[in-house]
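# Coordinates in review
What follows is the residue order along each chain.
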Amino acid sequence: MGLFGRIIVGLMPLTPKFVINRVARRYVAGSDLESAIALMQKMTVEGACFTIDVLGEEIQNISEARYFVDEYSRLIDEITVSKIDANLSLKPTAFGLLINEEIALENIEEIVHKASINNIFVRLDMENHRVTQPTIDIVYKMQSRGYYNIGTVLQSRLFRTTDDITQIVDHLAGLTDIRICKGIYLESSDIAETGYKEIVDATNSCIDLMLELGAYTAIASHDLPIINHALESLKKNGFKPGKPDPRTNAGESREGKGEGYEFQFLLGVRGNIRRKLSAGGHRTRVYIPYGTRWYEYSNRRLRENPDVAWHIVKALLLPWTNRR
Ligand code: FAD
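Residues numbered from 1 in each chain as written. Predicted model: local features only at pLDDT ≥ 70, side-chain atom pairs only at ≥ 80, totals over all residues. Heavy atoms only, no water.

### Re the domain arrangement of the protein
Domain annotation for the protein reports domain 1 (1-28 + 292-317) and domain 2 (29-290). Here domain 1 and domain 2 have C-alpha centroids that lie 24 Å from each other. With 13 residues of domain 1 at the contact, the number on the domain 2 side is 18 residues. Roughly 1,600 Å² of surface becomes buried between domain 1 and domain 2 when both sides are summed, with 53% attributable to carbon and sulfur atoms. Linking domain 1 with domain 2 are 0 salt bridges. The tally of links from domain 1 across to domain 2 stands at 3 residue pairs in polar contact (both at pLDDT 80 or more). Grouping the constituent residues of the side of domain 1 that touches domain 2 by class yields 6 nonpolar, 2 polar and 5 charged. (Domains from an automatic or database assignment. Contact = heavy atoms within 4.5 Å. Buried area = accessible area lost by both parts, 1.4 Å probe. Salt bridge = Lys/Arg side-chain N within 4 Å of Asp/Glu carboxyl O. Polar contact = N/O pair within 3.5 Å; in protein donor to acceptor, adjacent residues only side chain to side chain. Nonpolar A, V, L, I, M, F, W, Y, C, P; charged D, E, K, R; others polar.)

### Quick look at the site of the ligand
Within the structure, the ligand sits among 26 residues, and Met126, Lys182, Gly183, Ser221 and His222 are positioned closest to it. Interatomic distance of 2.8 Å between a backbone N/O atom of methionine 126 and a nitrogen atom of the ligand. Between isoleucine 184 and the ligand, the recorded distance is 2.9 Å, taken from a backbone N or O atom to an oxygen atom. For the shell around the ligand, the elements supplying multiple residues, two or more each, are strand E4 (150-155), strand E5 (177-181), strand E7 (261-266) and helix H12 (307-317). Tallying contributions element by element places H12 first for the shell around the ligand, with 4 residues. (Near = heavy atom within 4 Å. Helix = DSSP H or I, 4+ residues; strand = E, 2+ residues; numbered from the N terminus.)

### Notes on the packing of helix H7 (residues 161-172) against helix H8 (residues 196-213)
Contact pair H7 / H8: the axes reach a minimum separation of 10 Å and the direction vectors enclose 15 degrees. Our classification of the angle between H7 and H8 gives roughly parallel. Note on packing geometry: the crossing formed by H7 with H8 is right-handed. Taking contact as the criterion, the partners of Thr161, Thr162, Ile165, Thr166 and Val169 in H7 are, on H8, Cys206, Leu209, Met210 and Leu213. When its residues are assigned to classes, the contact of H7 with H8 shows 6 nonpolar, 3 polar and no charged. (Axes fitted to C-alpha atoms, helices over the stretch in contact; angles between N-to-C directions. Parallel < 35°, antiparallel > 145°, perpendicular 65-115°, else oblique. Left-handed = near helix turned anticlockwise from the far one by under 90°.)

### With respect to the pattern of salt bridges
A side chain of one charge can pair with a side chain of the opposite charge when the charged atoms of the two come close. What the rule picks out here adds up to 20 salt bridges. One salt bridge in this structure joins glutamate 71 and arginine 74, with 3.2 Å as the shortest N-O distance. Here the residue glutamate 71 and the residue arginine 74 both occupy positions in helix H4 (residues 65-82), the gap between them amounting to 3 residues, near one helical turn. Overall, glutamate 71 belongs to the buried group, its relative accessible area being 11%. When its relative accessible area of 36% is taken as the criterion, arginine 74 is described as partly exposed. A salt bridge links lysine 182 to aspartate 223, with the nearest nitrogen and oxygen atoms 2.9 Å apart. Placement of lysine 182 in the loop between E5 and H8 and of aspartate 223 in the loop between strand E6 (216-220) and helix H9 (224-236) is noted, with a sequence separation of 41 residues between them. Through salt bridges with shared partners, a single network forms among Asp53, Lys91, Asp125 and Arg179. (Buried < 20%, exposed > 50% of the residue type's maximum accessible area, 1.4 Å probe, protein only.)

### Focus: the environment of glycine 56
Relative to the helices and strands, glycine 56 resides in the loop between strand E1 (48-54) and H4. Residue classification places glycine 56 among the buried residues on the basis of a relative accessible area of 11%. A C-alpha to C-alpha distance of 6.4 Å links glycine 56 and tyrosine 297, two positions 241 residues apart in sequence. Discounting chain neighbours no more than four positions away, the residues touching glycine 56 are Phe68, Lys91, Ala94 and Arg293.

### Here we look at helix H5 (residues 101-117)
Taking 1.5 Å of rise per residue, 17 residues should cover 24 Å, and H5 covers 24 Å from first to last C-alpha, within 8% of that figure. Every buried residue of H5 is listed here: Ala104, Leu105, Asn107, Ile108, Glu109, Ile111, Val112 and Ala115. Among the structural elements, H4, strand E2 (86-90), strand E3 (122-124), helix H6 (132-144) and E4 are those in contact with the buried residues of H5. By the N-cap criterion, in which a side-chain oxygen at the helix start approaches the backbone nitrogen of a residue two or three places on, H5 is capped by asparagine 100, the distance to glutamate 102 being 3.1 Å. (Expected span 1.5 Å × (residues − 1).)

### Notes on the packing of aromatic side chains
By the definition in use, this model includes 5 aromatic pairs. With centroids separated by 5.8 Å and ring planes inclined at 45 degrees, the aromatic side chains of tyrosine 72 and phenylalanine 95 adopt a geometry described as tilted. In this pair, tyrosine 72 is assigned in helix H4 and phenylalanine 95 in the loop between E2 and H5, connecting sequence segments 23 residues apart. Neither tyrosine 72 nor phenylalanine 95 differs from the other in exposure class; each is buried. Ring geometry for phenylalanine 239 versus tyrosine 261: centroids 5.4 Å apart, planes at 80 degrees, classification edge-to-face. Of this pair, phenylalanine 239 sits in the loop between H9 and E7 while tyrosine 261 sits in strand E7, and the two are 22 residues apart along the sequence. For the pair phenylalanine 239 and tyrosine 261, one class covers both residues: buried. Pairwise contacts between aromatic rings join Tyr67, Phe68, Tyr72 and Phe95 into one cluster. One cation-aromatic arrangement involves lysine 257 over phenylalanine 121; the distance from NZ or CZ to the ring centre is 3.4 Å. (Phe/Tyr/Trp six-rings, centres within 6.5 Å; stacked < 30°, edge-to-face > 60°. Lys NZ or Arg CZ within 6 Å of the ring centre and 35° of its normal.)

As structure tokens, then:
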């Protein structure tokens, strides 16, 4: 699988851009905000809610962050006007985290502030291990400034993640809101699990821990052994779709959120499973990326994790395994 993925990635520079564009269309809402809004309006009938990502990450010059601040600000206006059930996903390095932490914080605060006025939740996507702690720290700082509409993502493959969950719950108690995923970045074996089974087991343990500790648990995986484990674990903990969160250690339920948990999917991936969960009464959220930088984004994601190339080829050749 790894070799196949690496071959595809190696061939990408030789592939005409329009071919890549056709493939990317399945996974990216479009190059502008209007396409993202139109797509979400269409998908709302599937019972989905959304988290929106303006494509782009790790800027080279701090002045580039302005583009992201302005675009997210416009996005908040559009979500508010169109009344779409959506929150934001943003990448701290696009706001300058690796160039100047103070300025990045100010940039992010501008968005979190405007989002809080409009009752919109902001999730800090998690990037590679260089920014794990700085990203968690931004959440702490924002909450200490009175913004409770913020949470982050943890990557279950990292050895540190169970400690991170416990520490975040110690800090934020009922305001803890974490998206748990395997992690797209292939981290080294000194700091992370690298085998498939170990990563699945680690993810399942994180889900169990988050449910036990009262955290809002956003399960972001398309992998059936994880989804099925989560469903079992929810049942064991007394959750029932459409019923209030049964945990006494959980925070109050929040507008736009599920009752203590939700499932999250990437746009274009395993829509049939998502729709089934939604029909069963579970809150399901679709991650909607849009923006002009779709080509650089797709290239970079594939280079980081060539297995994604295999998923994409499989989705094209064997469409019944992965419905949009
Ligand atoms: P896999 O075993 O990789 O996938 C299971 C099946 O799903 C595959 O067999 C395939 O059919 C399908 N599939 C999975 N991914 C794709 C794809 N890209 N294209 C086509 N088919 C696919 N990672 C981070 O490091 N930081 C984040 O902030 C982050 N946010 C995420 C937000 C959401 C909503 C989701 C769903 C994922 C996010 N991820 C993030 C990525 C995540 O960490 C995994 O890399 C990704 O979800 C693949 O893992 P999986 O659990 O779906 O299992």
